[in-house]
Number of protein chains: 2
Amino acid sequence: MSDKRGSRAADRTEAIMRTALELGEEIGYAKLSIEAVATRAGVGKHTVYRRWSSKGALFLDSLLSLNEAHLDYPDTGDVIADLRQQIHAAINLLDRAPVGPLYRALIGEALLNPQVAAALNDHFITPQAEKTVARLKAARDQGQLSPDFDLDLAMGILSGPLYFQALIIQKPLTHEYVDRVIDALFTGMGPRP
Amino acid sequence: MSDKRGSRAADRTEAIMRTALELGEEIGYAKLSIEAVATRAGVGKHTVYRRWSSKGALFLDSLLSLNEAHLDYPDTGDVIADLRQQIHAAINLLDRAPVGPLYRALIGEALLNPQVAAALNDHFITPQAEKTVARLKAARDQGQLSPDFDLDLAMGILSGPLYFQALIIQKPLTHEYVDRVIDALFTGMGPRP
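The structure reproduced in this document is the subject of the present report. These numbers were taken from a predicted model, which means no experiment stands behind them.

Cut-offs used in this document
Residues numbered from 1 in each chain as written. Chains lettered and ligands numbered in written order. Predicted model: local features only at pLDDT ≥ 70, side-chain atom pairs only at ≥ 80, totals over all residues. Heavy atoms only, no water. Phe/Tyr/Trp six-rings, centres within 6.5 Å; stacked < 30°, edge-to-face > 60°. Helix = DSSP H or I, 4+ residues; strand = E, 2+ residues; numbered from the N terminus. Least-squares fit on C-alpha atoms with pLDDT ≥ 70 in both. Contact = heavy atoms within 4.5 Å. Buried area = accessible area lost by both parts, 1.4 Å probe. Salt bridge = Lys/Arg side-chain N within 4 Å of Asp/Glu carboxyl O. Polar contact = N/O pair within 3.5 Å; in protein donor to acceptor, adjacent residues only side chain to side chain. Nonpolar A, V, L, I, M, F, W, Y, C, P; charged D, E, K, R; others polar.

**Re the packing of aromatic side chains**
- Applying the stated criterion across every chain yields a total of six aromatic pairs over all chains.
- Ring centres 5.6 Å apart and planes at 45° place the aromatic pair Phe164(A) and Tyr163(B) in the tilted group. Here Phe164(A) is found in helix α8 (residues 154-168), whereas its partner Tyr163(B) is found in helix α8 (residues 154-168) on a different chain.
- Aromatic pair Tyr29(B) and Phe59(B): ring centres 5.0 Å apart, planes at 65°, arrangement edge-to-face. You can see Tyr29(B) sitting in the loop between α1 (2-27) and α2 (34-41) and its partner Phe59(B) sitting in helix α4 (residues 55-65), a full 30 residues away along the chain.

**Observations concerning the relation of the copies chain B and chain A**
- Superposing chain B onto chain A requires a rotation of 180° together with a translation of 0.0 Å along the rotation axis, leaving an RMSD of 0.0 Å. Here the copies are linked by what is in effect a two-fold axis.
- Take the interface residues of chain B: 100% of them recur as interface residues in chain A, which is what a same-surface contact looks like.

**Quick notes on the interface of chain B and chain A**
- Facing 46 residues of chain B, the contacting portion of chain A comprises 46 residues.
- Together, the buried faces of chain B and chain A total about 4,000 Å²; carbon and sulfur atoms form 72% of this surface.
- The largest per-residue losses of area from chain B upon contact with chain A belong to Leu111(B), Ile168(B) and Met189(B), which jointly make up 22% of the total buried on that side.
- Arg180(A) serves as the salt-bridge partner of Asp150(B), at 2.8 Å between the closest nitrogen and oxygen.
- Inspection of the region where chain B meets chain A yields 12 residue pairs in polar contact (both at pLDDT 80 or more).
- Of all the elements in the fold, those that place two or more residues in the side of chain B that touches chain A are α6 (99-112), α7 (114-141), α8 and α9 (175-187) of chain B.
- Per-element tally for the side of chain B that touches chain A: the top contributor is α8(B), with 11 residues.
- Taken together, the residues of the side of chain B that touches chain A sort by class into 29 nonpolar, 12 polar and five charged.

Below you can see the structure in the form of structure tokens.
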């Protein structure tokens, strides 16, 4: 009985997120509202608000539900190969239509709306940062990372160039670009001693 | 006579940009319009449109007019010191109130509006990239940069982590953060051979 209720709730959550993506794709993020999502999903808007405090939070979870498991790091023992594979999976998810324009709009809203920025950080950036640091710590223990490398910088250094490419100069994020960035970051800009 | 006319036009251009910043600070970027700027500056809106094709382009030039010369690179012969100094100057200009929130709004609009994105690239990012690559080429010639470093990546790698800090995780951009990023980029993440 309580299992059935739990599974109905999970179905409803999934239906709401699927509806948010469908509607977002049809009318764009800017015009999306929690009310419109609730109506099309056939639930009350309070059902949506109980789980998500804002359109940004709902939308972010909806985007991530598409492919979240793929954002985990593999651990093959080769940190460069693993970073490549994880970042390729992330850009496959985040840089392609229909998700790409929707993710871009979400970042745009986060620049204007601190609540959306907080949801983006809590639901996506911080968990990703934790996974990244854990993978890099293992690599450091295996001697594949400089013992001096400052892990607090890892997310900014690894993903900053990708956000710059996608959001600031707005050029395609290719696997080849990712690979060149990772290689340059590992080698360093300075001359070898 | 034509000197006087040229100088009057320069005064008018300056007055329009100053007005755009004043109004932006008062009412925020979102509510700003070219019409409102023209009215307060006491010029016709066609005078504004002759020089700037969009609010984004006007606003970007207005921001840059504040301190543009400071965005040039010094060349003291020490590339790391010069990068630090130039990037400190850039964040002094772009990350502080009142410019910071306005620049953030401009980036947000660029994510939704390709014309603003093009103006941002043409008027700011591309000229900065050219200055950065020129300074790094000189450093490479002096043996201060790895001969293998891919200069096409320079802007993404150097400024990506700063945009990530300021726009994605929305933490303060300090001189100390800039210095740590530059040091990590020059040293590289990988173990020394």
